[in-house]
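Summary of structural features
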Amino acid sequence: MTGKRRKLGNPLALAVMATLRQHPMHPYEIAQTLRRQGKDASIKINYGSLYTVVQNLEKHGYVEVADVERQGNRPERTVYGLTEAGRREMTEWMSDLVAVPAREFPIFETALSLMGVLHPDDVVRLLRERLSTLEVQIASGRGGLEKLYETLPRLFLVENEYQLHMLQAQATWVRAFLEELEGGLLPEVEAWRRFHETGEVPPDFLTGEAPGNPT
């Protein structure tokens, strides 16, 4: 299975379709359901743009008006349902996301790729600070997950498990890298330190190229 360019690329559109798979809803109810089910912990949700997302889904034929509700003097509320085309799009999109690894650009990875601009001693201090924060987040996440297991089926908590696992994996890597830095085991650390303390630029240090490689 391979990913394809979709008419709508906003993950919030996918979340709306998945929510409407439960039953037809008006946009406010969709927002409340996403919040109540904790989806805002895994999906960047801009509730202010949710109405626009629903309108775009309707324009592409993925949702349709199922009913118009009116209670007393309150304004009418349009209830939307998922169309057959919407079900197909949702299923294909979800299948791609589950099956096809996507190249993502986490901001921490960006920072690691550029950390040579900082003194190695500063990097050690900052990574220790990060590790401390990660350990608090892991403990909190583990405790929160245990509480959630008491009231929710595990099926609805797998994203929380994944988040916790990724935090643990990051903490393991940071801890090991700190040991390398503090123990002088990283081969380039002295050249890195000398660059910051003397301004001396070792050959190929800033380019990241192997010595002697032609440019």
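Note: the structure precedes this text.
Residues numbered from 1 in each chain as written. Predicted model: local features only at pLDDT ≥ 70, side-chain atom pairs only at ≥ 80, totals over all residues. Heavy atoms only, no water.

**Comments concerning the packing of helix α2 (residues 27-36) against helix α3 (residues 50-59)**
It is the contact of α2 with α3, at a shortest axis distance of 10 Å, that shows an interaxial angle of 115°. Where α2 crosses over α3, the handedness of that crossing is right-handed. Between α2 and α3, the residues in contact are Pro27, Tyr28, Ile30, Ala31 and Leu34 and Leu50, Tyr51 and Val54, respectively. Residue classes in the contact of α2 with α3 are distributed as eight nonpolar, no polar and no charged. (Axes fitted to C-alpha atoms, helices over the stretch in contact; angles between N-to-C directions. Helix = DSSP H or I, 4+ residues; strand = E, 2+ residues; numbered from the N terminus. Left-handed = near helix turned anticlockwise from the far one by under 90°. Contact = heavy atoms within 4.5 Å. Nonpolar A, V, L, I, M, F, W, Y, C, P; charged D, E, K, R; others polar.)

**Things to note about the packing of helix α6 (residues 120-149) against helix α8 (residues 189-198)**
Where α6 meets α8, the axes come as close as 9 Å, and the angle between the chain directions of the two elements is 110°. Looking at the two axes, α6 sits roughly perpendicular to α8. Contacts between α6 and α8 involve Pro120, Asp121 and Val123 from the first element and Val189, Trp192, Arg193 and His196 from the second. Of the residues that constitute the contact of α6 with α8, the class distribution is four nonpolar, one polar and two charged. (Parallel < 35°, antiparallel > 145°, perpendicular 65-115°, else oblique.)

**As for the nonpolar core**
Val16, Met17, Leu20, Ile30 and Leu57 are the most contacted members of the largest nonpolar core, which has 23 residues in total. Those elements that provide at least two residues to this core are α1 (11-20), α2, α3, β2 (77-82) and α4 (84-99). Ranked by the residues each element gives to this core, the list is headed by α1, at seven residues. Counting 19 residues, the second-largest nonpolar core is a separate cluster that includes Val123, Leu134, Ala171 and Phe177. (Core = buried A, V, L, I, M, F, W, Y, C linked by side-chain atoms within 4.5 Å. Buried < 20%, exposed > 50% of the residue type's maximum accessible area, 1.4 Å probe, protein only.)

**Thoughts on α1**
Within α1, eight of the 10 residues are buried, which leaves the element mostly enclosed by the surrounding structure. Every buried residue of α1 is listed here: Leu12, Ala13, Leu14, Ala15, Val16, Met17, Thr19 and Leu20. The N-cap of α1, judged by a side-chain oxygen 2.9 Å from the amide nitrogen of leucine 12 a few residues on, is asparagine 10. (Polar contact = N/O pair within 3.5 Å; in protein donor to acceptor, adjacent residues only side chain to side chain.)

**Notes on α2**
Within α2, burial applies to Pro27, Ile30, Ala31, Thr33 and Leu34. Buried residues of α2, viewed axially, fall in a sector of 165°; they line one side. The inward-facing, buried residues of α2 abut α1, α3 and β2. (Arc of directions from axis to C-beta.)

**Concerning the packing of aromatic side chains**
Within a pair of aromatic rings, the relevant descriptors are the distance that separates the centres and the angle that separates the planes. One pass over the structure, following the stated rule, counts one aromatic pair. When the ring of tryptophan 173 is compared with that of phenylalanine 177, the centres are 4.9 Å apart and the planes differ by 15°; the resulting orientation is stacked. Taken together, the residues span about one helical turn, with tryptophan 173 and phenylalanine 177 both in helix α7 (residues 158-182) at a distance of four residues. One cation-aromatic arrangement involves arginine 35 over tyrosine 47; the distance from NZ or CZ to the ring centre is 4.3 Å. Stacked on the ring of phenylalanine 108, the Lys or Arg arginine 130 has its end atom at 3.6 Å from the ring centre. (Phe/Tyr/Trp six-rings, centres within 6.5 Å; stacked < 30°, edge-to-face > 60°. Lys NZ or Arg CZ within 6 Å of the ring centre and 35° of its normal.)

**Observations regarding empty space enclosed by the protein**
This model, assessed by the stated rule, comprises one cavity of 30 Å³ or more. Of the volumes computed, that of the largest cavity is approximately 30 Å³. Glu69, Arg70, Gln71, Arg74, Pro75 and Arg77 are the residues that line the largest cavity. In terms of residue class, the lining of the largest cavity is made up of one nonpolar, one polar and four charged. (1 Å grid on protein atoms, 1.4 Å probe; cavity = no way out; pocket = protein on both sides within 12 Å on 5 of 7 lines; lining within 4 Å. Points joined across faces, edges and corners; volume = space filled by probe spheres on them.)

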